[in-house]
Amino acid sequence: MNFNNSLELTQSQKLIMTMQLKQSLNILNMSKLELEEEIKREYEENPLLEVEKSGEVDWEKYIKNIENSRPSYKNELYYNYDNDINLENIIKNTYSLYENLHLQVSLYKIDKIEKEICDYIIDSLDEDGYLRIDEKYIIDELNITNSLFEMCLKIVQQLEPVGVGARNLSECLIIQMRNLGIDNALLETIVSKDLELIGKNKYKEITKKYNISMQKCVNLINFIKTLDPKPGRVCSDEKSVYIQPDVVVEKIEDEFIVYINESDSLKIRISNFYKEILKNSKYDESTKNFIKEKLNSATGLVKSIESRKSTILKIAKEIVKNQKDFFDKGEKYIKPMKMKDIAQNLDFHESTISRGVNGKYMLTPFGIYEFKYFFSSALETNYDNLASSVSIKRMIQETIKSENKKKPLSDDQISKILNDRGINIARRTIAKYREELGILSSSKRKQY
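Residues numbered from 1 in each chain as written. Predicted model: local features only at pLDDT ≥ 70, side-chain atom pairs only at ≥ 80, totals over all residues. Heavy atoms only, no water.

Things to note about the overall build of the chain
The test is simple: Strands are runs of DSSP state E lasting at least two residues, helices are runs of H or I lasting at least four, and both sets are numbered from the N terminus onward. Per-residue accessibility, obtained with a 1.4 Å probe over protein chains only, is compared with the maximum for each type, and a residue is labelled buried under 20%, exposed over 50%, and partly exposed between these values. Here a residue-residue contact requires only that any non-hydrogen atoms of the pair lie within 4.5 Å. What sets the accessible areas is the Shrake-Rupley method with a 1.4 Å probe; for residues, cover comes only from the shown protein chains.
What the chain contains, in helices and strands, is 21 helices and 8 strands. Across the 448 residues in the chain, those meeting the buried criterion constitute 36%. In the chain, once contacts between residues fewer than 6 apart in sequence are set aside, the share between residues at least 24 apart is 63%. When the accessible surface of the chain is split by element, carbon and sulfur atoms take 49% of a total near 29500 Å².

Now the structure itself:
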């Protein structure tokens, strides 16, 4: 066995991931709202940054205009401007489900112990308004009798929104029925025992089980469907998530113009005050080094944001170029397109395109669309063309929408309809797309 020492010279390519490159990729991957949060975070940590929101209100000018627009009254001494009805002064008070129920219980004439039990039950409800936890746990925890618990639960079940405090879906619906003054033993029995059959659209089994006509069965079930299965959601205080388009597409004369949406965006710049400190010799080196570090961080952020804008705009323009039929005629005419195709056209890496479309939105003449919407797989047609999965899903939706609701189309029938239109698609693919669209099977879509 020979052991020899030797030197070899080899060449290899390696990507060195610098901090600047890493920041640039992270910022490209962010949505518009995430980018704003990143800018705010950097602004709090970096004194060199100045942030301004585009389209900010000049409050001094605004107040002056209000004062100038006030009407003159002969006897202004007795006129109170605060009594003016101003929509800007109207604040909508929103209460959560729990606050709403606690307020209602406080108005009931019950003793202190009963109120405490009712409040405990309210706090035990889930966001849908149901009491999902084991009632025995509450009875043991509060050391109360079953009858006292049941009495307090009945109080909670009388509160608005109607149906809260129920222990299951059947009880929730029955509470709502009784609140409406409906006393129907057959209806209550169906709600108690056969919600699963209703969910599976098995009307015939219900008619046989209770020996009733199909029309009566349909009437009962249609009424049940008007009740609210999640009454607690009425008081939901969930915050809305707003979408801000990153780019805007406008048709001017016969040309589509694409530009970055700068409205309501945060604009950042580097403070000139700190630049002067670097030039001034009276400041010590540690101060200057701190400013240099923050200056590098600030300029890196600015460059990354500008790079992000440039990349997103290029991708958006390429999408519009490839999907011209969509922008001219609408969703039916969207073409199959892959990120790989855009990457080759722009001479970018496919991962850059992936980051550039992630969480990005485009405002078009037909509404707001996510960038990802325009990328879809292709299916062959009989006319040597390719159809996108998005346009095929739209066809499936429209076919089902126009079907006879009493005799809904099966997946196999829809497949044959599309095959007649020249689109080669299998039944299992129809089923897959239908499920992705959240559309029920034909047996569950059937109306009686």
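A short note on the sheet that holds strand β2 (residues 247-252)
Hydrogen bonding along the main chain pairs the strands of a sheet, whether they run parallel or antiparallel. Basically, it comes down to this: Between any two strands, at least two bridges found by DSSP are needed for them to pair. Convention adopted: a line fitted to C-alpha atoms gives each axis, helices being fitted over their contacting stretch, and angles between N-to-C directions are expressed from 0 to 180 degrees.
Sheet architecture is open: 4 strands sit in the order β3-β2-β5-β6, paired in mixed fashion. Since the sheet does not close on itself, it has two edges, and those belong to β3 (255-260) and β6 (367-370), each with one partner. The sheet shows a mean angle of 25° between the axes of neighbouring strands, direction not considered. Direction of pairing for β2 relative to β3: antiparallel, over a ladder of 6 bridges.

Notes on the packing of helix α1 (residues 19-29) against helix α17 (residues 350-357)
For clarity, the threshold we go by: When an angle is under 35 degrees it counts as roughly parallel; over 145 it counts as roughly antiparallel; between 65 and 115 it counts as roughly perpendicular; any other value is oblique.
Interaxial distance between α1 and α17 falls to 6 Å at its minimum, and their mutual angle equals 50°. Accordingly, the angle class assigned to the pair α1 and α17 is oblique. Together, L25, L28 and N29 of α1 and T352, R355 and G356 of α17 make up the contact between the two elements.

Quick notes on a nonpolar patch on the surface
Put simply, the test is: Exposure above 30% relative accessible area and no salt bridge define the residues that can form patches, which grow by joining like charges within 9 Å and nonpolar side chains of Val, Leu, Ile, Met, Phe, Trp and Tyr within 5 Å. Put simply, a salt bridge is a Lys or Arg side-chain nitrogen that is within 4 Å of an Asp or Glu carboxyl oxygen.
There is a patch of nonpolar side chains on the surface, built from I243, L363 and I368 and spanning about 230 Å² of accessible area. Summarising the element assignment, L363 is placed in strand β5 (residues 361-364). Residue classification places L363 among the partly exposed residues on the basis of a relative accessible area of 32%.

A look at the nonpolar core
Applicable threshold: Residue types Ala, Val, Leu, Ile, Met, Phe, Trp, Tyr and Cys, when buried and joined through side-chain atoms within 4.5 Å, form a set referred to as a nonpolar core.
The biggest cluster of nonpolar side chains holds 26 residues, and the ones touching the most others in it are V247, I319, F327, M362, F371 and F374. Secondary-structure elements contributing two or more residues to this core are β2, β3, α14 (285-322), α15 (324-329), α16 (339-346) and α17. The leading source of residues in this core is α14, at 5 residues. Apart from residues lying up to four places away in sequence, F374 is in contact with I319, Q323, F326, F327, I334, K335, M337, M362 and Y369. F149, C152, V156 and C235 belong to the second largest nonpolar core, which has 20 residues in total.

Notes on the state of the cysteines
Where we set the bar: To count as a disulfide, a pair of cysteine sulfur atoms needs to be within 2.5 Å.
As enumerated under the stated definition, the model contains 0 disulfides in all. Residue C118 stays outside any disulfide, its sulfur separated by 4.2 Å from that of C152, the closest cysteine.

Let's talk about the pairing of strand β4 (residues 266-270)
Burial of the side chains of β4 is restricted to one face: L266, I268 and I270 are buried, whereas none of K267 and R269 on the reverse face is. Two elements, strand β1 (residues 49-53) and β4, share 5 bridges in a ladder whose sense is antiparallel. Looking across to β4, one finds that E50 is bridged to R269.

With respect to the packing of helix α8 (residues 169-179) against helix α9 (residues 185-193)
Spelled out, the test is: Helix crossings fall into two classes, left-handed where the near helix is turned counterclockwise from the far one by less than a right angle and right-handed where it is turned clockwise. Each residue gets one label: Ala, Val, Leu, Ile, Met, Phe, Trp, Tyr, Cys and Pro are nonpolar, Asp, Glu, Lys and Arg are charged, and the others, such as Gly, are polar.
It is at 8 Å that the axes of α8 and α9 come closest, and there the two elements cross at 160°. It follows from the interaxial angle that α8 and α9 lie roughly antiparallel. In the crossing of α8 with α9, the sense of the turn from one axis to the other is right-handed. Residues S170, L173, I174, M177 and R178 of α8 touch α9, and the partners they reach there are L187, E188, V191 and S192. Residue classes in the contact of α8 with α9 are distributed as 5 nonpolar, 2 polar and 2 charged.

Focus on the pattern of salt bridges
Counted by the stated rule, this structure contains 25 salt bridges. The closest approach of N and O atoms between K115 and D119, which form a salt bridge, is 2.8 Å. Pair noted here: K115 and D119 are both in helix α5 (residues 112-123), with a separation of 4 residues, about one helical turn. Since its relative accessible area comes to 30%, K115 is described here as partly exposed. With a relative accessible area of 15%, D119 lands in the buried category. The shortest N-O distance in the salt bridge between E150 and R167 comes to 3.3 Å.

Quick look at the packing of aromatic side chains
Quick note on the threshold: Aromatic pairing here means that ring centres of Phe, Tyr or Trp (its six-membered ring) are within 6.5 Å. Orientation follows from the plane angle: under 30 degrees is stacked, over 60 is edge-to-face, and everything else is tilted. Consider the ring centre and the ring normal. A charge sits over the ring if Lys NZ or Arg CZ is within 6 Å of that centre and within 35 degrees of that normal.
Per the stated rule, a full pass over the model turns up 10 aromatic pairs. Relative to Y369, the ring of F326 has its centre 5.2 Å away and its plane inclined at 85°; by these criteria the two rings are edge-to-face. With F326 in helix α15 and Y369 in strand β6, the pair connects residues that are 43 residues apart, well separated along the chain. For the pair formed by F326 and Y369, the shared burial category is buried. When the ring of F326 is compared with that of F374, the centres are 5.1 Å apart and the planes differ by 90°; the resulting orientation is edge-to-face. Of this pair, F326 sits in helix α15 while F374 sits in the loop between β6 and β7 (378-380), placing them 48 residues apart in sequence. Looking at F374, the relative accessible area reads 0%, which means it is buried. Members of the aromatic cluster, joined through ring pairs, are F256, F326, F327, F366, Y369, Y373 and F374. Its guanidinium or amino end placed over the ring of Y130, R132 lies 4.1 Å from that ring's centre, counting from NZ or CZ.

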